[in-house]
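Tertiary structure, described
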Amino acid sequence: GAVVSQHPSRVICKSGTSVKIECRSLDFQATTMFWYRQFPKQSLMLMATSNEGSKATYEQGVEKDKFLINHASLTLSTLTVTSAHPEDSSFYICSAGAGRPFYEQYFGPGTRLTVT
Amino acid sequence: QKEVEQNSGPLSVPEGAIASLNCTYSDRGSQSFFWYRQYSGKSPELIMFIYSNGDKEDGRFTAQLNKASQYVSLLIRDSQPSDSATYLCAVRDSWGKFQFGAGTQVVVTP
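Owing to the predicted nature of the structure, the values given are computational and were not obtained by experimental measurement. (Residues numbered from 1 in each chain as written. Chains lettered and ligands numbered in written order. Predicted model: local features only at pLDDT ≥ 70, side-chain atom pairs only at ≥ 80, totals over all residues. Heavy atoms only, no water.)

Some points on the pattern of salt bridges
Residues and elements named next belong to chain B. Within the structure shown, the criterion is met by six salt bridges over all chains. For Arg-37, the salt bridge is made with Glu-45, and the minimal N-O distance between the two is 3.0 Å. Given the relative accessible area of 37%, Glu-45 is considered partly exposed. Note that Arg-60 and Asp-83 form a salt bridge whose closest N and O atoms lie 2.8 Å from each other. Of this pair, Arg-60 sits in the loop between β6 (54-58) and β7 (61-66) while Asp-83 is found in the loop between β8 (71-76) and β9 (85-92), placing the two residues 23 residues apart along the sequence. Taking the relative accessible area as the measure of exposure, Arg-60 reaches 27% and is therefore partly exposed. Among the residues examined, Asp-83 registers a relative accessible area of 1% and is labelled buried. (Salt bridge = Lys/Arg side-chain N within 4 Å of Asp/Glu carboxyl O. Buried < 20%, exposed > 50% of the residue type's maximum accessible area, 1.4 Å probe, protein only. Helix = DSSP H or I, 4+ residues; strand = E, 2+ residues; numbered from the N terminus.)

What about the packing of aromatic side chains?
Tallied over the full model, the rule gives 11 aromatic pairs over all chains. On the basis of an interplanar angle of 50° and a centroid distance of 5.5 Å, the ring pair of Tyr-36 of chain A and Phe-107 of chain A is categorised as tilted. Here Phe-107 of chain A lies in strand β10 (residues 104-107) and Tyr-36 of chain A lies in strand β4 (residues 32-38), a separation of 71 residues in the sequence. Across the pair, Phe-107 of chain A and Tyr-36 of chain A agree in class, each one buried. With a centroid separation of 5.6 Å and 50° between ring planes, the pair formed by Tyr-36 of chain B and Phe-100 of chain B is classed as tilted. Of this pair, Tyr-36 of chain B sits in strand β4 (residues 32-38) while Phe-100 of chain B sits in strand β10 (residues 98-100), placing them 64 residues apart in sequence. (Phe/Tyr/Trp six-rings, centres within 6.5 Å; stacked < 30°, edge-to-face > 60°.)

Some remarks on the sheet that holds strand β3 (residues 19-25) of chain B
All names here are of chain B. The sheet built from five strands is open, its strands ordered β1-β3-β8-β7-β6 with antiparallel pairing. The open sheet has two edge strands with one neighbour each: β1 (4-6) and β6. Across this sheet, the average inter-strand angle for adjacent strands is 20°, counted without regard to direction. Note that β6 and β7 share five bridges and pair antiparallel. In the strand pairing of β7, Gly-54 is matched with Leu-65. (Pairing = 2+ DSSP bridges. Axes fitted to C-alpha atoms, helices over the stretch in contact; angles between N-to-C directions.)

Side note on the nonpolar core
Core analysis: the largest hydrophobic core is formed by 41 residues, its most contacted members being Tyr-36, Leu-79 and Leu-113 of chain A together with Tyr-36 and Phe-100 of chain B. Core analysis: the second largest hydrophobic core is formed by 23 residues, Tyr-25, Trp-35, Met-48 and Leu-74 of chain B among them. (Core = buried A, V, L, I, M, F, W, Y, C linked by side-chain atoms within 4.5 Å.)

Examining unusual backbone geometry
The omega torsion across His-7 of chain A and Pro-8 of chain A is 0°, close enough to zero to call that bond cis. Tracing the chain through its elements places Pro-8 of chain A in the loop between β1 (4-7) and β2 (10-13). Cis geometry marks the peptide bond from Gly-9 of chain B to Pro-10 of chain B; its omega dihedral reads 10°. Phi is positive for Ser-83 of chain A, close to 45°, though the residue is something other than glycine. Of note, Ser-83 of chain A is situated in the loop between β8 (76-81) and β9 (90-98). Phi at Asp-78 of chain B takes a positive value of approximately 50°, unusual for a residue other than glycine. Note that Asp-78 of chain B resides in the loop between β8 and β9.

Some points on the interface of chain A and chain B
Of the residues lining the interface, 20 residues belong to chain A; the matching set on chain B comes to 19 residues. Summed over both sides, the interface between chain A and chain B buries roughly 1400 Å², with carbon and sulfur atoms accounting for 62% of that surface. In this structure, the connection of chain A to chain B is made through one salt bridge. The salt bridge involving Glu-59 of chain A is made with Lys-97 of chain B; its shortest N-O contact spans 2.7 Å. In this assembly, chain A and chain B are joined by five residue pairs in polar contact (both at pLDDT 80 or more). Contributing elements (two or more residues each) for the side of chain A that touches chain B: β4, β9 and β10 of chain A. (Contact = heavy atoms within 4.5 Å. Buried area = accessible area lost by both parts, 1.4 Å probe. Polar contact = N/O pair within 3.5 Å; in protein donor to acceptor, adjacent residues only side chain to side chain.)

All quantities given are derived from atomic positions and should not be read as evidence of function.
As structure tokens, then:
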């Protein structure tokens, strides 16, 4: 299957600071990447869909000015959590679409963010 | 009504038995269906996908799709303790959007 990496795997930051998470498709080009958040013992929550070279599409209730998404190339998308607060502490997971014609989603290993 | 519904479990299965997981979806125009496995604290891992009505087998896993009934299932044969995880059903709906179920927790007991 296709390989998706994420960096960092864990990050601890102070309240009010910004954190950038990178998502890379290693062995394929991903025109579409997805960003999810998952709180403990809860299901995946789609935050936004990112298309290469265009603005991300955010799900209802997700603040686009707080969660900045950039998809500058076919293999890299970044999520920046700006002015992080403790309630932003969560498991952030990216995925990339691959395969034709009904592409599958392959997930990165996730980034555990803790805001102190 | 949720787009994709799964029984949350936990589904307790004796080692060596068959685990049967069910999933229903609401969008009749959905085209592709996926099963992911998620271990605690890890991200989901794709284990099966199916597009056509009927069965699809891959090793110990069998996915079954019935579009008329809007139903997709996953069978795990010869269940092992390492199969203990949460299994997520995902559907790509007629808009091309992925919809995930909340997941079914499977516990395989030795």
